[in-house]
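# Examination of the molecular architecture
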Amino acid sequence: MRPIDLLNGRLKLRHLVLVVAVADEGSVLRAAEHLRLAQPAVTRSLREVEHVLGVELFTRGPRGMTPTLFGEAFIEHARAVLAELRRAGERISGLADGAVGTVTIGTLLAGSNVLLPRAIATLKKARPGVTVIVQEATFDAQVPRLLEGEIDLILGRLNPIGDLRGLRQLTLYAEPVLLVARRDHPARSQPDLRLRDLIDYPWVLPLEQTALRQELEQIFRSEGLALPSNLVECTSILTVRTLVHDADMIAALPELVARTDSELAPLPIPLEPVRRQVGVTLPDRRPLTPSARLMLDHLRAQAAELTAQTEPTD
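On a predicted model such as this, the values are computed, not experimentally measured, just so you know.

## Thoughts on the overall build of the protein
Per the secondary structure count, the protein includes 10 helices and 12 strands. What you see for the protein is a C-alpha radius of gyration of 32 Å, clearly larger than the 20 Å of a compact globule of 314 residues, by over 25%. The principal-axis extents of the C-alpha atoms in the protein amount to approximately 105 × 40 × 35 Å. For the protein, with 314 residues in total, the buried portion stands at 45%. Sequence separation of 24 or more characterises 73% of the internal contacts of the protein that already satisfy a separation of 6 or more. A total of about 17300 Å² of accessible surface is found on the protein, and carbon and sulfur atoms cover 52% of it. Of the side-chain charges in the protein, 37 are positive and 39 negative, and the distance between the mean point of each set is 9 Å.

This is the structure we're talking about:
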């Protein structure tokens, strides 16, 4: 017998549904009632599928319709196909409402310590089927991946996008950047501490290509100072915190990072020129996936809570 081509369009999905219904109900009449079809229509469709296959799928007997050897084989595959289609429908529905899916976030220093973990926690509580991927890098490194669709959004201090096309930004909250050191740092014993008094200590600064680094350099220049010669460049929050904890290093950190670490404390050096806006950078022309939209909703909600918690009360 020649191989049967079931992908030539002659076999229809309704044929699979009908054959499985006849097998489950045990008769054409009951299958017709189950499918809410006329009995002649079911009989005709059963003959069609048997003609396509070139074999009989059922035999009639006193107990109704009994699958033949060919029928048992075909019914097994028909059930598998229908089950896969049902799962496909469930998956598409889940993706559409955000019940399942993946969201990839490119994160910068600001927002990664408090806001992002809180938003992920609430998202996962509401939609445990959503997978969240967090990737840390500089803004310049994240933008091409955002435009190419490898990541869904960038979270952190809002860097200038200038002439970059295809991007838009949403502000979530305002957060100052503070100079911090460990609580027993020797510079704290000096009265009237100024920026120039910190030059000889080791520093941890962001990478040169970051906006925060450029803003800090401007502050040093405005004070007539060169950058510290004893310098580490790093954007990893864990590495920065460990270096500050374990040495006399000074770092510039977002306020929420600094104030949620009991071993760190701000230094009395204002950084007013540094921009404070924390938010998300998004693709302007590509719609967000349902999972990414949910992530953005949770980021907004948690940002609102953080703002309410940090606002001064009368």
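## Focus: the sheet that holds strand 12 (residues 277-283)
Across the sheet, which stays open at both edges, the five strands sit in the order 4-3-5-12-6 with mixed pairing between neighbours. The sheet terminates laterally at strand 4 (129-136) and strand 6 (167-174), the two strands that pair on one side only. Averaged over all pairs of adjacent strands, the angle between their axes in this sheet comes to 25°, without regard to strand direction. Strands strand 3 (100-107), strand 4, strand 5 (153-157), strand 6 and strand 12 of the sheet are contacted by helix 6 (residues 139-147), whose axis makes an angle of about 155° with strand 5.

## As for helix 6
Within helix 6, the full set of buried residues consists of Phe139, Gln142, Val143 and Leu146. Burial along helix 6 is one-sided: seen end-on, the buried residues are contained in an arc of 110°. Looking at the packing, one finds that the buried side of helix 6 touches strand 3, strand 4, strand 5, strand 6 and strand 12. Downstream of helix 6 by one or two residues, Gly149 has phi in the positive range, about 90°.

## Concerning the sheet that holds strand 10 (residues 250-254)
Hydrogen bonds along the backbone pair up the strands of a sheet, which may run parallel or antiparallel. Strand order in the open sheet formed by five strands is 9-8-10-7-11, and the pairing between neighbours is mixed. Two strands lie at the open edges of the sheet, namely strand 9 (231-233) and strand 11 (264-266), each paired on one side alone. The mean angle between the axes of side-by-side strands here comes to 40°, regardless of whether they run parallel or antiparallel. Strand direction decides the pairing type here: strand 8 (residues 203-205) and strand 9, joined by three bridges, are parallel. Bridge pairing in strand 9 places Trp203 opposite Leu231. The strands touched by helix 7 (residues 211-222) within the sheet are strand 7 (177-182), strand 8, strand 9 and strand 10, with strand 8 carrying the most contacts at an inclination of about 130°.

## So, the environment of Cys234
Following the sequence through the fold, Cys234 ends up in the loop between strand 9 and helix 8 (237-246). Considering only alpha carbons, one finds Cys234 and Gln302, 68 residues apart in sequence, at a separation of 27 Å. Setting aside residues up to four positions removed in sequence, Cys234 forms contacts with Val204, Leu205, Pro206, Leu207, Thr239 and Val240.

## Description of the pairing of strand 1 (residues 58-61)
As paired elements, strand 1 and strand 2 (residues 64-67) share four bridges and run antiparallel to each other. The residue of strand 2 that forms the bridge with Thr59 is Thr66. Counting the residues between successive antiparallel strands, the hairpin from strand 1 to strand 2 contains two residues.

## A short note on the packing of aromatic side chains
Taken as a whole and judged by the stated rule, the model has one aromatic pair. With 5.3 Å between their ring centres and 70° between their planes, Trp203 and Phe220 make a pair best called edge-to-face. Pair noted here: Trp203 is in strand 8 and Phe220 is in helix 7, with a separation of 17 residues, a long-range link. Per residue, the accessibility class of Trp203 equals that of Phe220, and both read buried.

## Some points on the pairing of strand 5
By the criterion of burial, strand 5 is predominantly enclosed, with five of the five residues buried. Relative to strand 12, strand 5 is paired through four bridges, and the arrangement is antiparallel. Considered in strand 12, the bridge of Ile154 is made with Thr281.

## Comments concerning the environment of Thr66
Looking at the element boundaries, Thr66 is found in strand 2. Taking C-alpha positions, Thr66 is 52 Å from Pro287, a pair spaced 221 residues apart along the chain. Aside from chain neighbours lying at most four places away, what touches Thr66 is Leu57, Phe58 and Thr59.

## Some points on the nonpolar core
Within the largest apolar cluster, 24 residues are counted, with the highest numbers of intra-cluster contacts made by Leu115, Leu155, Leu172, Val280 and Leu299. Broken down by secondary-structure element, the contributors of at least two residues to this core are strand 3, helix 5 (115-126), strand 5, strand 6, strand 12 and helix 10 (290-310). For Leu299, the residues in contact, after removing those within four places along its chain, are Leu115, Leu116, Ala119, Leu153, Leu155, Leu172 and Val280. Counting residues in hydrophobic clusters, the runner-up holds 23 residues, among them Ala21, Val28, Leu53 and Val55.

What counts, and at which threshold
Residues numbered from 1 in each chain as written. Predicted model: local features only at pLDDT ≥ 70, side-chain atom pairs only at ≥ 80, totals over all residues. Heavy atoms only, no water. Helix = DSSP H or I, 4+ residues; strand = E, 2+ residues; numbered from the N terminus. Rg over C-alpha atoms; globule rule 2.2 N^0.38 Å. Buried < 20%, exposed > 50% of the residue type's maximum accessible area, 1.4 Å probe, protein only. Contact = heavy atoms within 4.5 Å. Areas by Shrake-Rupley, 256 points an atom, 1.4 Å probe, with all protein chains shown as cover. Lys, Arg positive; Asp, Glu negative; His and termini not counted. Charge placed at Lys NZ, Arg CZ, Asp CG, Glu CD. Pairing = 2+ DSSP bridges. Axes fitted to C-alpha atoms, helices over the stretch in contact; angles between N-to-C directions. Arc of directions from axis to C-beta. Phe/Tyr/Trp six-rings, centres within 6.5 Å; stacked < 30°, edge-to-face > 60°. Core = buried A, V, L, I, M, F, W, Y, C linked by side-chain atoms within 4.5 Å.

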